[in-house]
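The chain contents come next:
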Amino acid sequence: VAVLADTIHQNPSDAHAQYAFGNFLFAHARYQEAASLWQKALDEGFNNPVLLRNLGVYQWHVKKNLTSAAGFYTRAIQLSPDDYRLYGDLDEIYEQQGNTAARVNLFHNAPAAVLDLDSVRARHALLLIEQSKPDEALAFMVAPHFKPWEGGKELHLMFVVANMEKGKKALADHQPTQAAQDFQQAMQYPENLGTGEPDHPDNA
């Protein structure tokens, strides 16, 4: 810290030192000071995707400015289009904004390799469920073998919701046999989702 502070004192335009010092300060909950240093680094021409992402995190979680946060994340993706983590965060920001069109466009323009990763595929499937497109959402869950973190149940819950929505649609269309099949499917634990069936599943 002393070295970085002295470096900035001797050379106020050292963007790399401002960026690194900002990272330290943010990690120690000195958010405003960190963001100020990051912005100075950006103004000095340090156009770095991680720096932009950091400013996006600050605007999102500290300032609660979703529009500004989305702007920083968008710029970060332009510089680093293969960083899958940026897509999940930006989709969550758009979701909080209620901006469905932007979410659709985000996934439409994402590289194929990014769309094929577990976390992005899950966010895409969630969007389709929220758009009342359960069949399309389930299609995203069929082929790959997901590897959830220990205790992770989100993908299986999405699988349940998508099948329940299919069943409800079938009932509304006077197709009880199809609805029963969809509800039965919702009780399954497909191996590829990576979530094992518990001893006493809650199927009520």
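Look a little higher up for the structure.
Rules and cut-offs
By convention here, each chain's residues receive numbers from 1 onward along its written sequence. pLDDT decides what is reported in this predicted model: residues at 70 or higher carry local features, side-chain atom pairs at 80 or more are listed and counted, and totals for whole chains, interfaces and linings draw on all residues regardless. Values shown for side chains rest on all heavy atoms present in the structure; no hydrogens or waters enter the calculation. Working definition: helices are DSSP H or I runs of at least four residues, strands are E runs of at least two. Numbering for both runs from the N terminus. The angle between two axes is taken between their N-to-C directions and runs from 0 to 180 degrees, where each axis is a line fitted to C-alpha atoms and a helix contributes only its stretch in contact. For this classification, under 35 degrees means roughly parallel, over 145 means roughly antiparallel, 65 to 115 means roughly perpendicular, and everything else is oblique. Handedness of a crossing is defined here by the sense of rotation of the near helix relative to the far one, left-handed for an anticlockwise turn of less than a right angle and right-handed for a clockwise turn. Throughout, a contact is declared for two residues whenever any of their heavy atoms are within 4.5 Å. Only buried residues count toward a nonpolar core. Its members are Ala, Val, Leu, Ile, Met, Phe, Trp, Tyr and Cys residues joined through side-chain atoms within 4.5 Å. Per-residue accessibility, obtained with a 1.4 Å probe over protein chains only, is compared with the maximum for each type, and a residue is labelled buried under 20%, exposed over 50%, and partly exposed between these values. The pocket and cavity definitions rest on a 1 Å grid over protein atoms only: a 1.4 Å probe that fits but cannot leave marks a cavity, an open set with protein on both sides within 12 Å along at least five of seven lines marks a pocket, and residues lining either have an atom within 4 Å of a point. Grid points are joined across faces, edges and corners, and a volume is the space filled by probe spheres set on the points. Lys, Arg, Asp and Glu make up the charged group, whereas Ala, Val, Leu, Ile, Met, Phe, Trp, Tyr, Cys and Pro make up the nonpolar group; the residues left over, Gly among them, are polar. The rule is short: rings of Phe, Tyr and Trp, with Trp giving its six-membered ring, pair when the centres are within 6.5 Å, and they are stacked under 30 degrees, edge-to-face over 60, tilted in between. When the NZ atom of lysine or the CZ atom of arginine is within 6 Å of a ring's centre and also within 35 degrees of its normal, the charge is said to sit over that ring. By this rule, a helix spans an expected 1.5 Å times one less than how many residues it contains.

Enquirer: Please set out unusual backbone geometry residue by residue, giving values where relevant.
Expert: One non-glycine residue, K64, lies in positive phi territory at about 60 degrees. Its location among the elements puts K64 in the loop between α4 (49-62) and α5 (66-79). Phi is positive for H174, close to 60 degrees, though the residue is something other than glycine.

Enquirer: How would you sum up the packing of helix α6 (residues 84-97) against helix α7 (residues 100-109)? Please name residues and give values.
Expert: At a minimum axis distance of 8 Å, the contact between α6 and α7 shows a crossing angle of 165 degrees. By the angle between their axes, α6 is roughly antiparallel relative to α7. Considering how the two elements wind past one another, α6 and α7 form a crossing that is left-handed. Residues Y87, L90, D91, Y94 and E95 of α6 form the contact with α7, whose participating residues are A102, R103, L106 and F107.

Enquirer: I'd like a description of the nonpolar core, backed by residues and values.
Expert: In this structure, W38, L51, Y73, Y87, L90 and I93 are the most contacted members of the largest nonpolar core, which totals 39 residues. Those elements that provide at least two residues to this core are α2 (15-27), α3 (31-43), α4, α5, α6, α7 and α9 (118-130). If we ignore the near neighbours within four places in the chain, the residues touching I93 are W60, L66, A69, A70 and Y73. Formed by 13 residues, the second largest nonpolar core is a distinct cluster that contains I129, A137, L138 and L193.

Enquirer: Lay out the layout of surface pockets with the relevant residues and their values.
Expert: What the largest pocket holds in volume is close to 440 Å³. Around the largest pocket, the lining comprises 18 residues; the ones closest to its centre are D118, S119, A122, R123 and W149. Of all the elements in the fold, those that place two or more residues in the lining of the largest pocket are α6, α9 and α11 (154-172). Considered class by class, the residues forming the lining of the largest pocket number seven nonpolar, three polar and eight charged. Size it by volume and the second largest pocket reaches roughly 300 Å³. As for the second largest pocket, its lining consists of 15 residues, and the residues nearest its centre are H156, L157, V160, Y189 and D202. Looking at the lining of the second largest pocket, the elements that each hand over two or more residues are α11 and α12 (176-186). No other element matches the four residues that α11 contributes to the lining of the second largest pocket. Looking at the lining of the second largest pocket residue by residue, the classes come out as nine nonpolar, four polar and two charged.

Enquirer: Now, about the packing of aromatic side chains: what can you tell me, with residues and values included?
Expert: Evaluated as defined, the whole model comprises four aromatic pairs. Three or more aromatic residues joined by ring pairs form one cluster here, namely F26, Y31 and W38. The residue whose ring lies beneath R85 is Y84, and the NZ or CZ to ring-centre distance is 5.9 Å.

Enquirer: Account for α6, naming residues and giving values.
Expert: Helix length check: α6 (14 residues) gives 21 Å between terminal C-alpha atoms against 20 Å at 1.5 Å per residue, within 8%. Listing the buried residues of α6 in full gives L86, Y87, G88, L90, D91, I93 and Y94. Of the surrounding elements, those touching the buried residues of α6 are α4, α5, α7, α8 (112-115) and α9.

Enquirer: Tell me about the side chain of Q18, and please be specific about residues and values.
Expert: On the secondary structure map, Q18 appears in helix α2. Once residues within four sequence positions are removed from consideration, Q18 is found in contact with I8, P12, S13, L37, W38, K40, A41 and E44.

Enquirer: So what's going on with the packing of α9 against helix α10 (residues 134-142)? Residues and values would help.
Expert: Between α9 and α10, whose axes approach to 7 Å, the crossing angle comes to 165 degrees. Regarding the angle of α9 to α10, the classification is roughly antiparallel. Our pair here, α9 against α10, has a crossing hand that is left-handed. Contacts between α9 and α10 involve R121, H124, A125, L128 and I129 on the former and, on the latter, P134, E136, A137, F140 and M141. Its residues assigned to classes, the contact of α9 with α10 comprises seven nonpolar, one polar and two charged.

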